[in-house]
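Coordinate analysis (summary)
Spelled out, the chains give:
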Amino acid sequence: MAIRIYNSLTRKVEDFKPLNPDVVSIYLCGPTVYDYVSIGNYRTYMLGDFVHRTFLSNNYKVKYIMNFTDVGHMTGDNAGDADVGKDRLEIAAEREGRSAKDLADYYINDFLSGYDSLNIIKPHKFTRATEYIGDQIALVRELEKKGFTYRISDGVYFDTSRFEKYGQLSGLSPDTIKEGARVEPNPEKRNASDFALWKFSPKDEKRWQEWDSPWGVGFPGWHVECSAMAMKELGDTIDLHLGGEDLRMIHHQNEIAQSECASGKEFVKYWMHGAFLQVDGGRMGRSIGNAYTMTDIEEKGYDPLALRYLYMTAHYRSSLNFTWESLQNAQNSLKHLYDILSGYKEAEKAQPSERHLASFMEVLNDDINIPESLAICWEMLKSNLSEPVKLATILQMDKVLGLKLEDSIGYEIPEEVLNLVKTRLEYRKNGIWDKADLVRRQINDLGYVVEDLPNDKFKVRRKI
Ligand SMILES: [Zn+2]
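Residues numbered from 1 in each chain as written. Predicted model: local features only at pLDDT ≥ 70, side-chain atom pairs only at ≥ 80, totals over all residues.

**With respect to the sheet that holds strand E4 (residues 61-68)**
One open sheet holds the 5 strands; their spatial order is E5-E4-E3-E10-E11, and the pairing between them is parallel. Each having just a single partner strand, strand E5 (125-128) and strand E11 (268-274) make up the two edges of the open sheet. For this sheet, the mean angle separating the axes of adjacent strands, direction not counted, is 25°. Strand direction decides the pairing type here: E4 and E5, joined by 4 bridges, are parallel. Across the sheet, Met66 pairs through a bridge with Phe126, a residue of E5. (Pairing = 2+ DSSP bridges. Helix = DSSP H or I, 4+ residues; strand = E, 2+ residues; numbered from the N terminus. Axes fitted to C-alpha atoms, helices over the stretch in contact; angles between N-to-C directions.)

**A few points about the UniProt feature "domain: Cysteinyl-tRNA ligase anticodon binding" (unreviewed entry) in the chain**
Those places that UniProt annotates as "domain: Cysteinyl-tRNA ligase anticodon binding" (unreviewed entry) correspond, in this numbering, to residues 412-452. Annotation note: span residues 412-452, helix share 68%, strand share 12%, distance between end C-alpha atoms 19 Å. (UniProt positions renumbered as here; feature names shortened; annotations may be inferred.)

**Considerations on the sheet that holds strand E6 (residues 149-152)**
By way of backbone hydrogen bonds, the strands of a sheet pair with one another, either parallel or antiparallel. Spatially, 4 strands are ordered E6-E7-E8-E9 in an open sheet, and the strand pairing comes out antiparallel. Because the sheet does not close on itself, it has two edges, and the strands there are E6 and strand E9 (218-220). Geometrically, the sheet is characterised by an average inter-axis angle of 25° between neighbouring strands, direction not taken into account. Across 4 bridges, the pairing between strand E7 (residues 155-158) and strand E8 (residues 195-200) is antiparallel. Residue pairing in the sheet places Gly155 in a bridge with Lys199 of E8.

**Some remarks on helix H11 (residues 370-382)**
Each full turn of the α-helix corresponds to 3.6 residues, which orients residues three or four apart in the same direction. The terminal C-alpha atoms of H11 lie 19 Å apart, and with 13 residues this matches the ideal 18 Å at 1.5 Å per residue to within 8%. Looking at H11, one finds that the buried residues are Ile370, Ser373, Leu374, Ile376, Cys377 and Met380. Down the axis of H11, the sector holding all buried residues measures 155°, keeping them to one side. With respect to the buried face of H11, the exposed residues turned more than 90 degrees away are Glu379 and Lys382. On its buried side, H11 packs onto helix H1 (39-57), helix H10 (354-364) and helix H12 (387-401). (Expected span 1.5 Å × (residues − 1). Buried ≥ 20, exposed ≤ 12 C-beta atoms within 10 Å, placed from the backbone. Arc of directions from axis to C-beta. Contact = placed C-beta atoms within 7 Å.)

Below, the structure is given as structure tokens:
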């Protein structure tokens, strides 16, 4: 059964045909590591995870690369121009009084812990832009050799009018592109859509991060890194390139231009773009104060896997609205799922239901329709299959869903936890709330949760 993918390049759903039948190559544009990653960005990384797991479940081997932008991402990006303004990493390093490297390390670690708690499978490699400076310089040299570049006072630029296919992905031709309204257009540029490949360090300023190059001291333009790293790790032509929809118009268009002009080959077979996450029905943004992070989710007492479940309720090309209520609903559904499974016993081994697995794979392979595959999972649980068959089937499905369902199958609460629960109840009866709370936390640390029910009743369950 072929995997079908909506290709943003052709704007059609196409049968996926791998370049190399043995290994599928995937590249995903990762975060700029100057701040905490928002749950909006994580929606894109979740798409990467579902695509990754879909290929694995179809018995493909996958080579999957994701990058960290730790240099050259300018504030002008908001206005659609990546070459103006200040380097976001430099601003943050200055603000926090630490080196750009320390700053990037700190935010990468924070990102990785969110990545783990969402149960996202790690790519083959996370590549850091600063570790590929030589490859980026080599790419720019190649473009220079082939006559696609020109030099102006602040850097070396790519001449987009030299690339016939410019605008194929974005649907915009170079002469219809205007520079962002909020930025001063650079009068030295030949075309508004031209972009920097190498930027010179300001003469009167020492940057936190700068490198020698054939053109002088400076740093690579943001778009160059993804072309250089993707081609270095995966080859000149790759199967699948993923990213958020905000990257399609400019960043990905520029990646295509640089890569194809340098190699003379097609860069990417299939482009996939994930839709934004909205918050309370509107735009999410740092300036609005609603760019929530994984820490916000956990501090409010939600399980990160409830957020994973919420992401699964919308198709990746549809917008998804985040509210605390929708997260609560997702957590309730997930809890319900865990409750059902906790009633099952693992003892009997059975074969999964082929019919349900086949429908599950069919919707999954139809442009990664996760909401439909989740619906089939629920339908299967409500069917009259025997418990062992249901269990065998759902564990198979969870290889894609990634909800750690295995952990909730019929288990016994350890004696130690039960004793703590009793102690807590005593404290509560006597109104010693602070001690009761302390014991509750001990129970949590052991991986269990106590839920208080009316009339002094309670329920203990594994933490979800
Ligand atoms: Zn990129």
